[in-house]
Amino acid sequence: MLLVFGIIEFGLMFKDYLAVVSSVRAGARIASAEPRNLNFATDAAAQIAREGAALDLANVSELWVYKANKSTGTPVGFSDFSNCTTCVKFKWDTSTKKFVQIAGTNWDYTTQNACAGDPAHDSIGVYVKYRHPSVTSLIVKDFDLQSSTVMSFEPQPQTSPCK
């Protein structure tokens, strides 16, 4: 019986892990395709909600959309989100069934660099921390699944304002 419960628990955890990874990638794709768009972060969060339909989104403990360091994947100028000035944080609102922004309005979308051919153009990151609930608590207790994705903004043609 312990082996059967272990297989079930692992299967459910793996399903949640794949859903978290898939939703983070989808959110990053949307955000990277919308440089210099006022709703880039909100659209990314909405896409995570759509793509994460297999998850209980009330268990998302952290959702960040942030200006990313290309080499480390962390917020630009910071090693984590604690003091980040170019990060937007969301939480799940169970009444509206949507992610709502709760922090981070300092990343002005008009300053995003998406110039084609500019090696210094910006990258965007999306990070999700999801609390996976244990079904039986026999094998493992509740634990966090985390995923992040960093993508470069889609380049804007030089004829349009790209900086």
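The preceding data block contains the structure.
Since the model is a prediction, treat every value here as computed from it, not as a measurement.

Caption draft 1: Just the overall build of the chain, in detail. The helix and strand inventory of the chain stands at 2 helices and 5 strands. Written out in order from the N terminus, the α and β elements of the chain read α-α-β-β-β-β-β. If you line up the chain on its principal axes, its C-alpha atoms span 65 × 35 × 25 Å. When the 163 residues of the chain are sorted by exposure, 40% land in the buried category. Intrachain contacts of the chain at a sequence separation of at least 6 include 65% that bridge at least 24 residues. Positive and negative side-chain charges of the chain, numbering 15 and 15 respectively, have mean locations separated by a distance of 1 Å.

Caption draft 2: Seen up close, the pairing of strand β4 (residues 123–132). Within β4, 9 of the 10 residues are buried, which leaves the element mostly enclosed by the surrounding structure. With 8 bridges connecting them, strand β1 (residues 60–68) and β4 associate as antiparallel partners. Bridge pairing in β4 places Leu63 opposite Val128. One ladder, built from 10 bridges, connects β4 with strand β5 (residues 143–152); its direction is antiparallel. Bridge pairing in β5 links Arg131 to Asp144.

Caption draft 3: Inspection of unusual backbone geometry at higher detail. One non-glycine residue, Arg36, adopts positive backbone phi at about 60°. With respect to the secondary-structure elements, Arg36 resides in the loop between α1 (2–32) and α2 (40–51).

Caption draft 4: Geometry of the environment of Phe40. As for its placement among the helices and strands, Phe40 is situated in helix α2. For Phe40, a relative accessible area of 3% puts it in the buried group. Each C-alpha atom of the pair Phe40 and Ser147 lies 19 Å from the other, and the pair is 107 residues apart in sequence. Look past the residues within four positions of Phe40 in its chain and what remains in contact with it is Ala31, Glu34, Val65, Trp107, Tyr109, Gln112 and Ile124.

Caption draft 5: Highlighting the sheet that holds strand β2 (residues 87–93). The strand order across the open sheet formed by 5 strands is β3-β2-β1-β4-β5, and the pairing between neighbours is antiparallel. Each edge of the open sheet is held by one strand with a lone partner, namely β3 (98–103) and β5. In this sheet, adjacent strand axes meet at a mean angle of 25° when their direction is disregarded. Sheet analysis places β1 next to β2, joined by 4 bridges and oriented antiparallel. Paired with Leu63 across the strands is Phe90, a residue of β2. α1 rests against β4 and β5 of the sheet, and its axis sits at about 25° to β5.

Caption draft 6: Expanded view of the nonpolar core. In this structure, Leu63, Val65, Phe90 and Phe99 are the most contacted members of the largest nonpolar core, which totals 29 residues. When residues of this core are traced back to their parent elements, those giving at least two are α1, α2, β1, β2 and β4. Residues in contact with Leu63, not counting those within four places in the same chain, are Ala45, Ile48, Val88, Lys89, Phe90, Phe99, Val126, Tyr127 and Val128. Grouped together as the second largest cluster of nonpolar side chains are 7 residues, Trp64, Tyr66, Ala68 and Phe81 included.

Caption draft 7: Main features of the packing of α1 against α2. Between α1 and α2, the shortest axis-to-axis distance is 8 Å and the interhelical angle comes to 150°. With respect to their mutual orientation, α1 and α2 come out roughly antiparallel. For the pair α1 and α2, the sense of crossing is right-handed. From α1, Ser22, Ser23, Ala26, Gly27, Ile30 and Ala31 reach across to α2, where they touch Phe40, Asp43, Ala44, Gln47, Ile48 and Glu51. Class assignment of the residues belonging to the contact of α1 with α2 gives a composition of 6 nonpolar, 4 polar and 2 charged.

Cut-offs and rules
Residues numbered from 1 in each chain as written. Predicted model: local features only at pLDDT ≥ 70, side-chain atom pairs only at ≥ 80, totals over all residues. Heavy atoms only, no water. Helix = DSSP H or I, 4+ residues; strand = E, 2+ residues; numbered from the N terminus. Buried < 20%, exposed > 50% of the residue type's maximum accessible area, 1.4 Å probe, protein only. Contact = heavy atoms within 4.5 Å. Lys, Arg positive; Asp, Glu negative; His and termini not counted. Charge placed at Lys NZ, Arg CZ, Asp CG, Glu CD. Pairing = 2+ DSSP bridges. Axes fitted to C-alpha atoms, helices over the stretch in contact; angles between N-to-C directions. Core = buried A, V, L, I, M, F, W, Y, C linked by side-chain atoms within 4.5 Å. Parallel < 35°, antiparallel > 145°, perpendicular 65-115°, else oblique. Left-handed = near helix turned anticlockwise from the far one by under 90°. Nonpolar A, V, L, I, M, F, W, Y, C, P; charged D, E, K, R; others polar.

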